[in-house]
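What follows is each chain in one-letter form.
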Amino acid sequence: MKDTRANGLTKEMFRKLSFRPPAETLAGESVPVWRDVLRRLASSKLAMSGVVFLVLLAIMAIVGPLVSPHDYYTNNLDHTNEPPSSEYWFGTDSLGRDLFSRIWMGARISLTVGLAAAMIDLVIGIVYGGIMGYVGGRTDEAMNKISEILYSIPYLLVVILLLVVLEPSMWTIILALSVTGWINMSWIVRGQIMQLKNQEYVLAARSMGAGGARMLFKHLIPNTLGPIIVTLTLTVPSAIFSEAFLSFLGLGVQSPAASWGTMINDSLTSFTLYPWQMAFPAVLISLTMLAFNVFGDGLRDAFDPKLKK
Amino acid sequence: MNLTSEPPTLDPALAQDSVSFTVLTGLYEGLTRKDADGKVIPGMAESWDVSDDMKTYTFHLRKDAKWSNGDPVTAHDFEYAWKRVLDPDMNPASPYAYQLYYIKNAQNYNIKQDNPNHISDPNQVGVKATDDDTLVVNLENPTPYFLSVTSFWTLFPVHQSAKSNSAWAAEANTIVSNGPFKITTWKHGNEIDLVPNENYYAKDEVKLQKVHFVMVKNSATELKMYQTGQLNYSGFPTGEIPIEQIAKLQQTNKDELRIKPIASTYYYNFNTTKEPFDNANIRKAFALAVDRQQLVDKVTKGGQEPALGAVPPSIMGEKQSFREEYPDTDLFKPDVAEAKQLLAQGLKEKGWTQLPPVTLTINEGTGHKQIAEALADMWRKNLGVDVKIETQEWKVFLKNRQSLNYQIARSGWSADYNDPMTFIDMFTSTSGNNDIGFKNAQYDELVKKALASGDQHERMQLLSQAENILIKDNMAILPLYYYTGVHMVNKNLQNIVMDYQGMVDYTRSYVK
Amino acid sequence: MVRYWGGKLGSVLLSLFLLATATFFLMKAIPGDPFTAEKAVPPEIKAKLMSFYGLDKPVWEQYLIYLKKLVHLDLGMSMKSQYRTVSSIISDSFGFSFRLGIFAIVVSVIVGVGLGIVSAMHHRKLIDGTAMVLAVLGVSVPNFVLASLLQYVFGEELNWFNVAGLNGPLDYVLPVIALSSLPIAYIARLTRSTMLEVLTAEYIKTAKAKGLPNRVIILKHALRNAVLPVLTYLGPMTANIVTGSVIVEEIFGIPGLGQYFVDSVSNRDYTLIMGITLFYAVILMVARLLTDIAYGFVDPRIGFRSRKEVSR
């Protein structure tokens with residue numbers, strides 16, 4: 001019985017979270033909530049600046065490599081490790097390749113990987129953690145232990161196995177990152193749900209006959225949104241850097257392609273000599289994360305009518 | 001000095017890696033040693049006689065040789081140690097036991113399983129202590145370089161107390177050594193300390209008061225430790241100097257940075273059994289299209305020398321360097337126009353209009369990716385061929401390479417002894433290290449002849465002919481460069497010697 | 001109570017058994033063995049080595065032999081470091097990782113929670129923004145970059161600290177900063193976010209209305225409820241940090257467990273892989289169990305329910 005309940009949920013949950021922010025039930029308003037949320041989001045200058053940055057980033061990832069006079073893979077061994085100049089806008093790397101083109105090619109890979117991995121973690125983590133926390137008892141015990149076992153299996157072994165079984169590609173990276181990536185999220189959700197499910201309003205709703213699934217995704221998950229968003233903003237950069245590690249082992253983007261993570265990795269032994277090789281990808285990652293964070297904050301505040309002033 | 005990682009063992013019989021070897025160099029001494037020029041000089045043996053057929057060596061041990069606990073070092077210790085390495089029941093087995101296979105009956109004694117010729121009687125092995133100071137060694141074949149083999153780590157003596165304690169080489173307090181130093185501290189994974197051995201016969205030559213080894217994996221950290229004075233030696237063979245830093249160090253630490261050519265070759269394997277590299281002209285095209293000078297100047301940056309052959313220049317030939325006697329420029333000459341022609345010809349022979357997809361397989365690790373990217377770029381520009389690069393985890397990579405599951409694969413080989421044979425016999429059709437699928441009867445024949453010959457001139461000619469078959473005729477491998485050992489030594493530290501192999505001898509070093 | 005703890009112990013043992021099984025077969029499924037090397041060991045010698053370590057037997061037999069030893073708490077000998085037992089390798093190296101880890105955890109919790117509270121109380125003010133930027137840097141500057149930068153600036157250029165090693169108390173400073181930057185950032189963000197929610201809750205408003213001083217409200221009521229996600233995170237984080245971070249250990253040359261673990265996998269040192277994995281799992285499971293118990297202290301309703309349900 002529990003299984004069917006769980007299965008039924010996945011779909012429903014997905015919809016509710018994305019399109020019908022559940023805070024609506026708490027606020028008890030009748031206007032379409034997403035419009036309200038958007039309005040509040042738009043009124044936050046900080047959140048909007050984050051959005052603007054992310055949009056710019058996406059545009060650059062698409063057109064960046066096209067506007068540069070150099071492609072990202074051709075070596076120019078007479079112009080290695082050059083600082084930024086009018087010829088090479090972001091300088092060159094140790095093989096004389098144009099860093100400007102490489103940065104935006106890298107943005108495509110890093111952003112796709114980071115976002116896809118975060119989304120997968122989010123979905124699996126919420127469902128798994130939600131069920132653990134809400135159902136409790138033996139189900140919780142068993143699911144909890146399964147997640148701990150998965151978490152303890154040496155990740156390197158899993159990666160090497162995937163490397164042998166699968167062809168290296170972006171999807172392989174995302175798969176490798178998702179194998180255990182969701183576990184942290186599920187534990188956070190579990191803890192939150194365990195705390196919330198005994199609070200008065202939940203008990204009240206339950207006594208009024210609200211079903212498990214509805215309960216979980218309409219009342220409980222929305223109230224754990226804060227920690228979820230925070231965890232999500234952590235997942236993106238960690239996925240970007242894990243990708244560099246996977247590529248190093250041979251699972252993932254293969255040269256001459258590069259990602260932000262591998263660019264930083266490559267520059268690590270020489271950043272005192274050629275700081276720009278590390279600075280551009282590192283600053284871009286930080287700015288991207290800042291943008292996600294202000295956006296995430298704005299989103300959270302927009303969902304939470306209590307904070308309206 | 002930095003070892004980078006924990007030595008897996010300090011038992012000379014079990015050691016097989018440069019980290020263990022580096023520590024063992026200080027702790028032990030074989031029958032012979034090598035001086036700064038790589039010449040064999042007396043060690044535990046003060047003299048030796050060689051029979052005319054070069055098959056019997058008689059070593060006379062010095063009488064004042066002592067172990068660190070005061071026991072005398074005798075010929076029996078050597079007999080014990082060598083037979084211990086060869087003992088078919090030694091557990092775990094000595095991985096470098098084959099370094100002793102020059103000795104008569106050694107191989108057939110060492111290998112029991114599935115060996116109809118197995119000899120169970122250790123007395124038939126050609127090593128015998130006739131008295132405390134005399135060791136007589138009988139060899140299978142005339143081996144002109146056997147004296148240099150006796151300074152190899154696997155042939156170091158072992159104190160007979162090892163009989164009663166099989167775990168003796170795992171902790172500092174149970175290691176008894178006969179060399180210039182003895183071990184005082186071994187904090188696993190952390191540090192090792194050696195101090196002079198007061199029982200060493202030439203203790204006056206040992207000036208260092210202490211040799212301190214650390215185990216730091218990160219090359220950038222190692223360099224920082226050197227620059228802040230925590231290390232007096234950094235880089236090859238047990239450490240590493242980051243490639244990108246070399247150019248700067250050549251200016252800032254000119255007196256301390258040393259670049260020493262060593263007997264190792266960096267090359268790419270062609271899988272000669274798999275399309276498209278089962279075609280010699282296509283292989284040649286790939287080899288001729290590479291600008292090696294640019295590669296070493298702009299990419300590897302460690303003062304390496306471009307390689308056109310398998311045998312590196314620091315390997316001795318008949319009288320001088322093998323490469324001076326038989327220059328590698330006679331093997332082939334890089335030429336883009338000719339490369340294009342060869343490619344066209346190869347394609348025609350195969351009946352193709354264009355080359356099937358080519359993947360270059362490399363392992364993770366410093367510099368390999370850069371080299372592969374540079375080569376792929378040269379092939380694209382010079383031959384119009386797109387080569388995909390695939391990185392693999394080290395052991396996965398080795399497994400694939402050994403089972404011929406690749407098209408082109410990175411490779412490198414370092415000398416076991418100072419003779420071209422160490423680079424040539426690995427490509428015979430029966431060799432366990434032949435991972436290019438190369439099978440050539442004429443080549444095998446030449447190697448066999450060279451093994452049986454005691455005449456250096458004839459041997460060198462045979463080996464050169466073999467190299468011609470391997471590279472000039474078949475281009476079975478793609479030579480790229482001869483390695484260098486880039487390292488830094490504190491300018492106050494004198495007389496630290498790197499040998500032809502790149503191993504470092506610090507035993508006679510002193511502080512200025 | 002006895003049944004409760006008995007049940008917990010049973011499930012931990014069962015999990016360890018399942019983990020050992022999964023890891024064992026996974027480890028055997030990947031290519032290579034301890035004796036795969038650039039210079040191939042002659043096949044006859046390799047056969048001898050394989051049989052010495054029992055690697056010539058069928059995998060399931062090796063598995064049974066391993067389990068049998070494990071039941072007697074014998075983790076076996078390392079296949080790479082000759083004549084060293086897995087337990088001695090773990091006990092030698094764990095000390096370094098543990099000491100470093102404990103410091104890092106304490107620093108992370110104090111700074112992280114502190115920063116989180118301050119931001120929440122000054123929501124949308126300058127201090128909140130600054131804290132956010134710091135936190136974002138904490139998560140988006142990976143620790144290998146941070147560790148290298150710290151080492152370069154404070155070790156090499158300013159020469160305030162040793163660039164590597166873990167011998168004196170000062171040697172702890174840089175690695176602890178590198179280890180705790182991410183946890184600090186994450187804990188600060190978590191605390192801020194839950195605090196904001198709690199601060200607007202009815203009972204806090206009531207407390208405020210009652211005229212309780214701000215500090216009492218924060219510490220006694222709000223923090224208590226806000227700390228739960230931090231606790232959740234602390235469980236696995238503790239396990240991860242005290243068993244060693246490869247990157248930080250590698251950069252600062254610390255002979256901890258993290259490096260051994262990565263080496264054991266690349267060496268295919270089978271017994272060491274198993275040993276460290278099980279050791280890690282025990283720490284993880286204990287840490288998570290303690291987290292669950294701590295939930296009960298923070299919010300008694302959680303503890304009561306889960307206990308009742310388990311003993312049911």
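Residues numbered from 1 in each chain as written. Chains lettered and ligands numbered in written order. Predicted model: local features only at pLDDT ≥ 70, side-chain atom pairs only at ≥ 80, totals over all residues.

Per an unreviewed UniProt entry, chain A goes by ABC transporter permease and derives from Cohnella zeiphila. The UniProt entry for chain A carries the following text under Sequence similarities (unreviewed entry): "Belongs to the binding-protein-dependent transport system permease family." Quoted verbatim from the Subcellular location (unreviewed entry) field of the UniProt record, the comment on chain A reads "Cell membrane". (UniProt positions renumbered as here; feature names shortened; annotations may be inferred.)

1. As for the interface of chain C and chain B
Interfaces are often described in size by the accessible area the parts lose on coming together. Of the residues lining the interface, 38 residues belong to chain C; the matching set on chain B comes to 40 residues. When residues of the side of chain C that touches chain B are traced back to their parent elements, those giving at least two are helix H2 (43-52), helix H4 (86-121), helix H6 (143-157), helix H11 (246-251) and helix H12 (257-267) of chain C. Split by residue class, the side of chain C that touches chain B holds 15 nonpolar, 13 polar and 10 charged. (Contact = placed C-beta atoms within 7 Å. Helix = DSSP H or I, 4+ residues; strand = E, 2+ residues; numbered from the N terminus. Nonpolar A, V, L, I, M, F, W, Y, C, P; charged D, E, K, R; others polar.)

2. Remarks on unusual backbone geometry
Residue and element names in this part refer to chain B. Put simply, Phe-236 and Pro-237 share a cis peptide bond, and its omega is 0 degrees. By secondary structure assignment, the location of Pro-237 is in the loop between strand E10 (233-235) and helix H6 (243-252). Following Glu-275, the chain continues to Pro-276 via a peptide bond in cis, the omega torsion being 0 degrees. The residue Pro-276 is located in the loop between strand E11 (257-270) and helix H7 (280-288) in this model. The residue Met-54 is not glycine, and still its phi comes out positive at about 60 degrees. Mapping Met-54 onto the fold places it in the loop between strand E3 (45-50) and strand E4 (56-61). The backbone phi angle of Leu-404 is positive, close to 55 degrees, even though this residue is not glycine. Relative to the assigned elements, Leu-404 resides in the loop between helix H12 (394-402) and strand E15 (408-414). Note on Leu-404: 17 C-beta atoms within 10 Å, which makes it partly exposed. (Buried ≥ 20, exposed ≤ 12 C-beta atoms within 10 Å, placed from the backbone.)

3. Description of the pairing of strand E6 (residues 134-138) of chain B
Residue and element names in this part refer to chain B. Only one face of E6 is buried, namely the one carrying Leu-135 and Val-137, since none of Thr-134, Val-136 and Asn-138 on the opposite face is buried. By the bridge criterion, 5 bridges tie E4 to E6 in an arrangement that is antiparallel. The residue bridging His-60 from the neighbouring strand is Thr-134, located in E6. Two strands pair when backbone bridges link them, and strand E5 (residues 127-131) and E6 are joined in this way by 4 bridges, in the antiparallel orientation. The partner of Asp-131 across the bridge, within E6, is Thr-134. Counted between consecutive antiparallel strands, the loop separating E5 from E6 contains 2 residues. (Pairing = 2+ DSSP bridges.)

4. Focus on H12(B)
Because an α-helix packs 3.6 residues into every turn, residues spaced three or four apart end up facing the same way. Those residues of H12(B) lying buried are Lys395(B), Val396(B), Phe397(B), Leu398(B), Asn400(B) and Arg401(B). At its buried positions, H12(B) is contacted by helix H7 (155-165) of chain A, E11, strand E13 (358-363), strand E14 (387-392) and E15 of chain B together with H12 of chain C. Among the residues trailing H12(B), Leu404(B) stands out with phi positive, at a value near 55 degrees.

5. Topic: the environment of Ala339(B)
All names here are of chain B. Structurally, Ala-339 is set in helix H10 (residues 336-350). Residue class for Ala-339 comes out buried when judged on the 22 C-beta atoms lying within 10 Å of it. C-alpha of Ala-339 to C-alpha of Asn-281: the two residues are 58 residues apart in sequence and 8.7 Å apart in space. Not counting residues up to four positions away in its chain, the partners in contact with Ala-339 are Ala-285, Leu-288, Ala-289, Asn-382 and Leu-383.

6. Looking at the UniProt feature "transmembrane region" (unreviewed entry) in chain A
Residues and elements named next belong to chain A. In the numbering adopted here, UniProt assigns the feature "transmembrane region" (unreviewed entry) to residues 46-67, 109-137, 149-166, 172-189, 224-253 and 273-296. From the first C-alpha to the last, residues 224-253 spans 35 Å; its make-up is 83% helix and 0% strand. Counted over residues 273-296, helix gives 92% and strand 0%. Its end C-alpha atoms are 36 Å apart.

7. Observations regarding the packing of helix H1 (residues 2-29) of chain C against helix H13 (residues 270-298) of chain C
Pairs of packed helices are described in terms of their axes, by the angle between the two and the distance that separates them. Residues and elements named next belong to chain C. Between H1 and H13, whose axes approach to 10 Å, the crossing angle comes to 150 degrees. Put simply, H1 runs roughly antiparallel to H13. Here H1 runs over H13; the crossing is right-handed. Together, Lys-8, Val-12, Ser-15, Leu-16, Leu-19, Ala-20, Thr-23, Phe-24 and Met-27 of H1 and Tyr-270, Ile-273, Met-274, Thr-277, Leu-278, Ala-281, Met-285 and Leu-289 of H13 make up the contact between the two elements. (Axes fitted to C-alpha atoms, helices over the stretch in contact; angles between N-to-C directions. Parallel < 35°, antiparallel > 145°, perpendicular 65-115°, else oblique. Left-handed = near helix turned anticlockwise from the far one by under 90°.)

8. Concerning the sheet that holds strand E8 (residues 191-196) of chain B
Residues and elements named next belong to chain B. With antiparallel pairing, 3 strands are arranged side by side in an open sheet as E7-E8-E9. Single-partner strands in this sheet number two, and they are strand E7 (181-187) and strand E9 (211-214). Along the sheet, successive strands turn relative to each other by an average axial angle of 15 degrees, direction set aside. Of the pairings in the sheet, the one linking E8 to E9 comprises 4 bridges and is antiparallel in character.

9. Side note on the pairing of E15(B)
Regular strands have side chains that alternate between both faces of the sheet. Residue and element names in this part refer to chain B. When you tally the buried positions in E15, you get 5 out of 7 residues, the bulk of the element. Both E11 and E15 contribute to a ladder of 7 bridges, which runs antiparallel. The residue bridging Thr-265 from the neighbouring strand is Trp-413, located in E15. Across 2 bridges, the pairing between E13 and E15 is parallel. Bridging from a neighbouring strand, Thr-361 pairs with Ala-409 of E15.

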